[in-house]
Amino acid sequence: TAGEGPLLTAREWGRLVEISFSEVAGKAYVVAGTMDTSTRRVIEKIKIVRDIGYGHFVVTPTFYVPVRGRDEHMRLFGACQEAGGSDMTMVPYTLPSCTQSVIAVGTMGALARRGWAAYCKESSGNPEYVARLLSEAPAAGMTVLMGNEIGAAEAIVDAVRSAAPD
């Protein structure tokens, strides 16, 4: 991903995801970024990429009017999971610099335990959050994908230190 999606018109975005999918043509995983300003708009994007043939989609909490609490996150991600169906893998993405919302580590775990997400993407830039996520997500069955390369090394070191026996 490169983050240009919200800057494109709906038509441009649709064409982008079509071209991306056809160019990869099964040679690698391609994950569609379906983030938008409302649940309805996110679901519309999920349906578009599902119809194209994508197997994965990334979704942040909606932005402009931030989704903040656990109940709001669970409603959003539940609707996204339903829209994607059993053939698609949802990747929740915490990106507070753009959404003004952090998906709590406990919420990430709940998404994994419900079978809604086996992966999450993390770009908070908060080393404490990342260390906690790296420590707790695997126990819930979730793999963490790092989106913030600058803080990744420090967070990984912190997670390893906290997991090491005294």
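Below or above, wherever it landed, is the structure these notes cover.

Calculation rules
- Residues numbered from 1 in each chain as written.
- Predicted model: local features only at pLDDT ≥ 70, side-chain atom pairs only at ≥ 80, totals over all residues.
- Heavy atoms only, no water.
- Salt bridge = Lys/Arg side-chain N within 4 Å of Asp/Glu carboxyl O.
- Buried < 20%, exposed > 50% of the residue type's maximum accessible area, 1.4 Å probe, protein only.
- Axes fitted to C-alpha atoms, helices over the stretch in contact; angles between N-to-C directions.
- Helix = DSSP H or I, 4+ residues; strand = E, 2+ residues; numbered from the N terminus.
- Parallel < 35°, antiparallel > 145°, perpendicular 65-115°, else oblique.
- Left-handed = near helix turned anticlockwise from the far one by under 90°.
- Contact = heavy atoms within 4.5 Å.
- Nonpolar A, V, L, I, M, F, W, Y, C, P; charged D, E, K, R; others polar.
- Pairing = 2+ DSSP bridges.
- Right-handed = clockwise from strand over helix to strand, strands pointing away.

All chains considered together, the criterion is met by five salt bridges. Notably, a salt bridge pairs Asp-36 with Arg-41, separated by 3.3 Å at the nearest N-O pair. A relative accessible area of 45% means that Arg-41 is categorised as partly exposed. We classify Asp-36 as buried; its relative accessible area is 9%. Counted as one network, the salt bridges with shared partners bring together Asp-36, Arg-41 and Lys-45.

Orientation of helix α2 (residues 39–52) relative to helix α3 (residues 70–84), taken along the N-to-C sense of each, is 25°, at an axis distance of 9 Å. Classified by the angle between their axes, α2 and α3 sit roughly parallel to one another. Considering the relative orientation of α2 and α3, their crossing is right-handed. Between α2 and α3, the contacting residues are Thr-39, Val-42, Ile-43, Ile-46 and Arg-50 on the first element and Leu-76, Ala-79, Cys-80, Ala-83 and Gly-84 on the second. Here the residues of the contact of α2 with α3 are counted per class, giving seven nonpolar, two polar and one charged.

A few words now on the pairing of strand β3 (residues 89–94). Burial analysis of β3 places five of its six residues in the buried class, which makes it a mostly covered element. Sheet analysis places strand β2 (residues 56–59) next to β3, joined by four bridges and oriented parallel. For His-56, the partnering residue across the bridge sits in β3 and is Thr-89. You can see the chain leave β2, run along α3 and come back into β3, and the turn it takes is right-handed. As judged from the two bridges shared by β3 and strand β4 (residues 119–122), these two strands associate in the parallel manner. Residue pairing for β4: Thr-94 is matched across the bridge by Glu-122.

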